[in-house]
Amino acid sequence: MTEDVEIKTIVNVVPCSGIGKALGTLSRWAAFDAVEKCPEKSRLLCLSRFVVIDDEYKDFVRNNYNITLDGCPEKCATKHVERNGGTVQKSHLMAKYLIKNRDLKIDVKNVSNPGENAEKLAKRIGNELEEEIDEILDGSNGEKGEDKNV
Amino acid sequence: MKSLTDQMEKKVKIKMFKPKFIGLLSCSGEDFPGGSISRVATRKVLTEFLPGMTTAICVPLFLNGNEQETKFVKNFPCITIDGCEKACVKKSLEAMGKKPVESINLSEFFSKDEYKQIMSGPIHDLDWNDNPLTLKLAEHIAILSAKHLKEMNMI
């Protein structure tokens, strides 16, 4: 019973892995930042591990809230969470943040390190995600949220 | 004469279908440093060690059944790089009936001390960029890639 209550206070943050795209890197950095800011309320989930998904991992996905960060319109993170029975409370496409933050132009050609602006942008996104995590947990009262911001 | 032309055409066709690349499938491990170092090392091979000869496959995209990624994986030799003993990447490839030409698992490739150092290290990609362990892994991936490229007469 205690375990059940503990589980529902966590928001999973699932970023894109996108090894070939800078937006994948940005989504990772943003996710790292968000989880670092509220480690007791959130947790990073590894996208590749959905391949060898075991009961423990399925429970993480199904019994918690999920925020997905997708690097491209293929939306792998969102699809993998939903395919495994999870509900996605917030789904974000990284391109949206580029449009919203035109003052921070990132080096999209450099996948490993899209530059200082990408670091700044990741922190900005991390701040937004931190707020979302709080909103999901505060507003939920045990109910899963419905809105998806793409 | 005609048969010679046929033979030449056949040779050209064979050459056309010769694999030009080695596919690198790396663990992404968002929730632990093994994924970060695998990813950074793979990118190093791609951009610094063997540019134009290797290509990175986006594992989640390939798992989603993306046609382009799946086609590549089916037709080209692939090396898998797994960050932990769960070996998700290798298993994902094997699940579609394809055997990697080489599979690297960090838990086996590095010494116990090195692996411990990695797993207790930072998670951010940037923290691994110039780490000697990243270079060690990247060099190993590059050597294995080069070996197979040589077998294909690509280098």
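The structure presented is a predicted model; accordingly, all values stated were derived computationally and were not measured.

1. Considering the confidence of the model for chain B
Residue and element names in this part refer to chain B.
Inference 1: Within chain B, residue pLDDT values average 88, and 87% of them lie at 70 or more.
Inference 2: Within chain B, helix 1 (residues 2-16) has the poorest average pLDDT of any element, 57, and strand 4 (residues 102-105) the best, 98.
Inference 3: Overall fold confidence for the complex sits at a pTM of 0.86, while the interface term, ipTM, reaches 0.84.

2. Structural notes on the nonpolar core
The nonpolar side chains of a soluble globular protein tend to be buried, and buried together.
Inference 1: Core analysis: the largest hydrophobic core is formed by 39 residues, its most contacted members being Leu24, Leu25, Ile37, Phe110, Leu137 and Ile141 of chain B.
Inference 2: If you tally residues by element for this core, the top one is helix 8 (residues 132-151) of chain B, at seven residues.
Inference 3: Once you skip the residues sitting within four places of it in the chain, Leu137 of chain B turns out to touch Ile37, Ser38, Ala41, Ile104, Leu106, Phe109 and Phe110 of chain B.
Inference 4: Listed in part, the 27 residues of the second largest apolar core include Ala30, Cys38, Leu104 and Leu121 of chain A.

3. Quick word on the packing of helix 2 (residues 22-37) of chain A against helix 2 (residues 33-49) of chain B
Inference 1: The geometry of helix 2 of chain A relative to helix 2 of chain B is characterised by a closest axis approach of 14 Å and an angle of 155° between their N-to-C directions. In terms of their interaxial angle, helix 2 of chain A and helix 2 of chain B are classed as roughly antiparallel. For the element pair helix 2 of chain A and helix 2 of chain B, the recorded crossing hand is left-handed. Contact with helix 2 of chain A, carried on its side by Gly24, Thr25, Arg28 and Phe32 of chain A, involves Gly35, Ser36 and Arg39 of chain B of helix 2 of chain B and no other residues of that element.
Inference 2: Broken down by class, the residue content of the contact of helix 2 of chain A with helix 2 of chain B amounts to one nonpolar, four polar and two charged.

4. Thoughts on helix 2 of chain B
Inference 1: Counted at 1.5 Å a residue, the expected span for helix 2 of chain B with its 17 residues is 24 Å, and the 22 Å between its end C-alpha atoms agrees.
Inference 2: Burial of helix 2 of chain B is extensive: 14 of the 17 residues sit out of reach of the surface.

5. So, the sheet that holds strand 1 (residues 11-15) of chain A
All names here are of chain A.
Inference 1: Taken in spatial order, the four strands of this open sheet run 2-1-3-4, and their pairing is parallel. Lying at the two open borders of the sheet, with one neighbouring strand each, are strand 2 (42-44) and strand 4 (88-93). Taking the axes of each pair of neighbouring strands and ignoring which way they run, one obtains an average angle of 20° across the sheet.
Inference 2: One ladder, built from five bridges, connects strand 3 (residues 65-70) with strand 4; its direction is parallel. Each residue of the ladder has a partner; that of Asp70, found in strand 4, is Leu93.
Inference 3: Its contacts with the sheet put helix 2 on strand 1, strand 2 and strand 3, and the angle it makes with strand 2 is roughly 145°.

6. Comments concerning the environment of Phe72 of chain B
All names here are of chain B.
Inference 1: By the element assignment, Phe72 lies in helix 4 (residues 67-75).
Inference 2: Once the C-alpha coordinates of Phe72 and Ile57 are considered, the two residues, 15 residues apart in sequence, prove to be 8.4 Å apart.
Inference 3: Other than its neighbours up to four places away in sequence, Phe72 contacts Phe21, Ile22, Gly23, Thr55 and Ile57.

7. So, the side chain of Lys44 of chain B
Residue and element names in this part refer to chain B.
Inference 1: Tracing the backbone through its elements, the reader meets Lys44 in helix 2.
Inference 2: By relative accessible area, which is 9% here, Lys44 ends up buried.
Inference 3: Not counting residues within four places of it along the chain, the set of residues in contact with Lys44 comprises Phe49, Asn129, Thr134, Leu135 and Ala138.

8. Details of the packing of aromatic side chains
Inference 1: Counted according to the given criterion, the structure contains four aromatic pairs over all chains.
Inference 2: The interplanar angle of 70° and the centroid separation of 5.6 Å between the aromatic rings of Phe50 of chain A and Tyr57 of chain A together place this pair among those described as edge-to-face. Each member of the pair, Phe50 of chain A together with Tyr57 of chain A, is buried.
Inference 3: Pairing Phe72 of chain B with Phe76 of chain B gives two aromatic rings, centres 4.3 Å apart and planes at 5°, and the pair type is stacked.
Inference 4: The class of Phe72 of chain B is buried, set by a relative accessible area of 14%.
Inference 5: In this structure, Arg43 of chain A is placed above the aromatic ring of Phe60 of chain A, and the distance from its NZ or CZ to the ring centre is 3.9 Å.
Inference 6: Residue placement shows Lys136 of chain B over the ring face of Phe109 of chain B; its charged tip is 5.7 Å from the ring centre.

Cut-offs and rules
- Residues numbered from 1 in each chain as written.
- Chains lettered and ligands numbered in written order.
- Predicted model: local features only at pLDDT ≥ 70, side-chain atom pairs only at ≥ 80, totals over all residues.
- Heavy atoms only, no water.
- pLDDT = per-residue confidence, 0-100.
- Helix = DSSP H or I, 4+ residues; strand = E, 2+ residues; numbered from the N terminus.
- Core = buried A, V, L, I, M, F, W, Y, C linked by side-chain atoms within 4.5 Å.
- Buried < 20%, exposed > 50% of the residue type's maximum accessible area, 1.4 Å probe, protein only.
- Contact = heavy atoms within 4.5 Å.
- Axes fitted to C-alpha atoms, helices over the stretch in contact; angles between N-to-C directions.
- Parallel < 35°, antiparallel > 145°, perpendicular 65-115°, else oblique.
- Left-handed = near helix turned anticlockwise from the far one by under 90°.
- Nonpolar A, V, L, I, M, F, W, Y, C, P; charged D, E, K, R; others polar.
- Expected span 1.5 Å × (residues − 1).
- Pairing = 2+ DSSP bridges.
- Phe/Tyr/Trp six-rings, centres within 6.5 Å; stacked < 30°, edge-to-face > 60°.
- Lys NZ or Arg CZ within 6 Å of the ring centre and 35° of its normal.

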